[in-house]
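A look at the structure
Each chain is listed here by its residues.
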Amino acid sequence: MIERDVIDRILAAANIVDVVGDYVTLKRNGANYKACCPFHDEKTPSFVVSPAKGLFKCFGCGKAGNAVTFVMEHEGISYPEALKSVAKRYGIEIKEREMTPEDVARNDNRESMFALNSFIASYFADYLNRDSSEGIPVGMSYFTSARGFSQKTITKFGLGMCPSGGDRMTVDALRAGYKEEFLVATGLTIKRESDGRLYDRFRERVMFPIHNISGRIVGFGGRTMRTDKSVAKYQNSPESEIYNKSRELYGLFFAKKAIQSADYAIMVEGYTDVISMHQAGVENVVASSGTSLTVDQIRLIRRFTNNLTIIYDSDAAGIKASLRGIDLVLHEGMNVRVVLLPDGDDPDSFARSHSAVEVQEYIALRAENFITFKAKLLLAECGDDPIKRSEVTRNMVVSIAQIPDTITRSMFIQQCAQIMGADENMLISEVALNRMHNLGDTEAEEFIRRQARAQQAERYASGYGKSRYAESATAPDEQSQRFGQIPLSASVDTLEREIVYYLLKFGQSNFETLEGGVVVEMNTAQVIVEELDKMDIVLTNPVYNTILSLYRTALAQSRYPSQAEIVNHPDAEVCTVAVDLLTIDDNYTESAIWSQKDMRTLSQSNMLAEGIPKLIWLYKSRIIMGRIAELNAMLASDLDEEQMYECLKEYNRMNQLKVQIANHLGRTII
């Protein structure tokens, strides 16, 4: 146990700004410091550190405490271990009484694994520096001669070597008192299932300890010294209770101060890339260690800076494979730039052949924003092919859509339009659609709604919906209420054309709707035909009615008519109308009947679920109004008693239907 007076010394010595500053980037805010909270994901800082009170407090998630409890919470360690960590920082010696058997039993697996990793790291380093048969001539020779690492660099990163004997490391660890279960749990030792034999995972490999953000060793990476091509060049520790490769960045422990100072981090690929850059004097460097960049790794970097520069070698295939990582960085609200090294160079070789100043100048001069870099990379294979260029544009739209900040996103849209020679308004719409569908952006959804309404008005004003076959069309009644941009007084011919448009464009498509609180899937063509058949409706335009009849016949045969069947119809007028409707506004699938107020999204299913019922109800309303006018004329003529009775009976039925439809459409009946 740690004595109370020692604990008091630790708490008195601990400077909370220094301790917390090892984990997050603090910015002065009056007498206090602020940062984004390391305990939950946020983009607006709500984490406050008070040096006067020696306390931290997050007003977002509620975490609070002092320097020691911060380390405890952040590292997921016990209070005594957090005390030891802070004491070590300030050179305070801790003397504990000897642990009892009960204390040993309570020591959890994590601490046992950390202790084992620390021992093994020292074991590997000692073997590298002292063994004359293999460590020095093979391992040390590789680091100093092949890689050009100095002894200072080798010591700083704790480099070492695992012996070539099949189980030598495991045997030595067991002799030192470390348990087999933890050797296997950390992945240092592999236990063969067939006979239970233990052997070393990293035998005959030079070793790179992997430190977490606080400097504790969570795993290892090993490079083989064998020339056998069947042996993997690099091998990492498997994931364990203390090591998750997607949550660690190699070199971050050594780079975090430099990242804060430079206010940007450099991302490279491998262990030697990081080490060579550090040795060259560029220390704000980390590596994903050969894994795809993850959200957790990005958030680790974001604790210290909002700016990331990714360095690639000239391998175009490798760059393309890693581009997804850029989208993740953008999505987290970080600024990302890309540097491409000269042909034949990687960060390791480039750093070894240049001074720190030269490396930094090269990065400063050659760093490009992601949109410029991505365009150059992808356009290199396109030439003048418009199809390939459009694919590149879509690819870039996906990346731009990830950016959360509206102003930044707008600037990149402008730049993309210039580079690709694309219409800026088109790109704005595509980015908004991407954000709406993939990110659930409500602002983008509202933008799309407004844009759709404007396009509706433009389409209707330009004559969409007016049949070339109609002798006349009813002029829009500007005082009447509307659905979309078609007034309730729209002509029957206009509505019939709309019905045929739906059949041709979406006849085979399904949509979901609610019936009695249950989601029901319905088919466009079946709904239209069944609803019209309920009133025995025959379309007044003979060409439109022919197309409807083709669908009615096909559905009775449990099939859909193909577009070719309609386009190649022997009636030339049917062919002309079909082609006209099938090719109208191919890039815009919204029909003019869709409601301005009720439209929620522009997914095809929602469009059909909104548009079809309203179109059918509105069309039925026009048919009923026409029939009522006919009945009024009949009632004004000379009818016998039986005819009068039947006429009045139908008149009443039509009026009832009229009221039902008007209620559905939300229009007052006068």
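Residues numbered from 1 in each chain as written. Predicted model: local features only at pLDDT ≥ 70, side-chain atom pairs only at ≥ 80, totals over all residues. Heavy atoms only, no water.

A look at the sheet that holds strand β13 (residues 285-287)
Strand order across the open sheet formed by five strands is β13-β12-β14-β15-β16, with mixed pairing between neighbours. In this open sheet, the two strands that pair with only one neighbour each are β13 and β16 (368-369). As paired strands, strand β14 (residues 307-312) and strand β15 (residues 335-340) are joined by six bridges and run parallel to one another. Residue pairing in the sheet places L308 in a bridge with V336 of β15. Helix α16 (residues 356-366) contacts β12 (265-268), β14, β15 and β16 of the sheet and is inclined by roughly 115 degrees relative to β15. (Pairing = 2+ DSSP bridges. Helix = DSSP H or I, 4+ residues; strand = E, 2+ residues; numbered from the N terminus. Contact = heavy atoms within 4.5 Å. Axes fitted to C-alpha atoms, helices over the stretch in contact; angles between N-to-C directions.)

Notes on the packing of helix α17 (residues 370-379) against helix α19 (residues 406-420)
Packing of α17 against α19 brings their axes to within 10 Å, and their N-to-C directions diverge by 25 degrees. Between α17 and α19, the crossing angle belongs to the class labelled roughly parallel. Handedness of the crossing formed by α17 with α19: right-handed. Counting all contacts with α17, which are made through F370, I371, T372, A375 and L379, the residues of α19 involved are F412, Q415, C416, I419 and M420. (Parallel < 35°, antiparallel > 145°, perpendicular 65-115°, else oblique. Left-handed = near helix turned anticlockwise from the far one by under 90°.)

Some details on the nonpolar core
Grouped together as the largest cluster of nonpolar side chains are 76 residues, with contacts concentrated most on F47, V49, I326 and F370. With seven residues, the single largest contributor to this core is α17. Counting 56 residues, the second-largest nonpolar core is a separate cluster that includes F124, M140, F350 and A367. (Core = buried A, V, L, I, M, F, W, Y, C linked by side-chain atoms within 4.5 Å. Buried < 20%, exposed > 50% of the residue type's maximum accessible area, 1.4 Å probe, protein only.)

Remarks on the pattern of salt bridges
Taken as a whole, this structure holds 23 salt bridges when the rule is applied. The residue K84 makes a salt bridge to E81 at a minimum N-O spacing of 3.2 Å. Residue K84 and its partner E81 are located together in helix α4 (residues 79-89), separated by three residues, close to a single helical turn. A relative accessible area of 27% means that K84 is categorised as partly exposed. Taking relative accessible area as the criterion, E81 reaches 22% and is therefore assigned partly exposed. Between D533 and R552 there is a salt bridge whose closest N-O contact spans 2.9 Å. (Salt bridge = Lys/Arg side-chain N within 4 Å of Asp/Glu carboxyl O.)

Here we look at the side chain of N212
Note that N212 resides in the loop between β9 (205-211) and β10 (217-224). At a separation of 3.0 Å, a polar atom in the side chain of N212 contacts the side chain of S214. When residues no more than four places from it in sequence are discounted, the contact partners of N212 are E75, F114, V218, E248 and F253. (Polar contact = N/O pair within 3.5 Å; in protein donor to acceptor, adjacent residues only side chain to side chain.)

Points about a negative patch on the surface
Taken together, the side chains of D640, E641, E642 and E646 present a region of like negative charge at the surface. Looking at the element boundaries, E641 is found in helix α28 (residues 641-665). (Patch = residues over 30% accessible without salt bridge, like charges linked within 9 Å, V, L, I, M, F, W, Y side chains within 5 Å. Areas by Shrake-Rupley, 256 points an atom, 1.4 Å probe, with all protein chains shown as cover. Lys, Arg positive; Asp, Glu negative; His and termini not counted. Charge placed at Lys NZ, Arg CZ, Asp CG, Glu CD.)

Structural notes on the pairing of strand β3 (residues 47-50)
Across the two faces of β3 the burial is the same, with F47 and V49 and V48 and S50 all buried. With three bridges joining them, strand β2 (residues 32-35) and β3 adopt antiparallel strand pairing. The residue bridging Y33 from the neighbouring strand is V49, located in β3. As paired elements, β3 and strand β4 (residues 55-58) share four bridges and run antiparallel to each other.

Some details on the sheet that holds strand β11 (residues 234-236)
In space, the four strands of this open sheet follow the order β6-β9-β10-β11, with antiparallel pairing throughout. The open sheet terminates on both sides in strands that have one partner only, identified here as β6 (160-162) and β11. Strand after strand, the sheet turns through a mean of 35 degrees between neighbouring axes, direction not considered. Here β9 runs beside β10; their pairing, made up of seven bridges, is antiparallel. Its bridge partner being in β10, I210 is matched across the sheet by G219.

Things to note about the packing of helix α6 (residues 109-130) against helix α7 (residues 135-146)
Each packed pair of helices is defined by two parameters, the angle between the axes and the distance between the axes. It is at 6 Å that the axes of α6 and α7 come closest, and there the two elements cross at 100 degrees. As the angle between them shows, α6 and α7 are arranged roughly perpendicular. Residue-level contacts link Y127, L128, N129 and R130 of α6 to G135, I136, G139, M140 and F143 of α7. Across the contact of α6 with α7, the residue classes tally to five nonpolar, three polar and one charged. (Nonpolar A, V, L, I, M, F, W, Y, C, P; charged D, E, K, R; others polar.)

Let's talk about empty space enclosed by the protein
Scanning all chains against the criterion turns up two cavities of 30 Å³ or more. A volume near 50 Å³ is recorded for the largest cavity. Taken together, I210, Y243, K245, E248, L249, Y250, A287, S288, S289, T291 and Q297 make up the lining of the largest cavity. Tallied by class, residues from the lining of the largest cavity come to five nonpolar, four polar and two charged. (1 Å grid on protein atoms, 1.4 Å probe; cavity = no way out; pocket = protein on both sides within 12 Å on 5 of 7 lines; lining within 4 Å. Points joined across faces, edges and corners; volume = space filled by probe spheres on them.)

Description of the packing of aromatic side chains
A complete count under the given rule lists 25 aromatic pairs for this structure. Taken together, a centroid distance of 6.1 Å and an interplanar angle of 55 degrees make the contact between Y234 and Y271 tilted. Highlighted residues: Y234 in strand β11 and Y271 in helix α12 (residues 271-279), separated in sequence by 37 residues. Y234 gets classed as partly exposed once you look at its relative accessible area, which sits at 33%. Note on F350 and Y362: the rings are 4.9 Å apart at their centroids and 55 degrees apart in plane angle, and the pair reads as tilted. (Phe/Tyr/Trp six-rings, centres within 6.5 Å; stacked < 30°, edge-to-face > 60°.)

Here we look at unusual backbone geometry
Unusually for a residue other than glycine, E204 sits at a positive phi of about 60 degrees. Inspection of the secondary structure assignment puts E204 in the loop between β8 (198-200) and β9. For S558, which is not a glycine, the phi torsion comes out positive at approximately 60 degrees. Relative to the helices and strands, S558 resides in the loop between α24 (542-556) and α25 (563-567).

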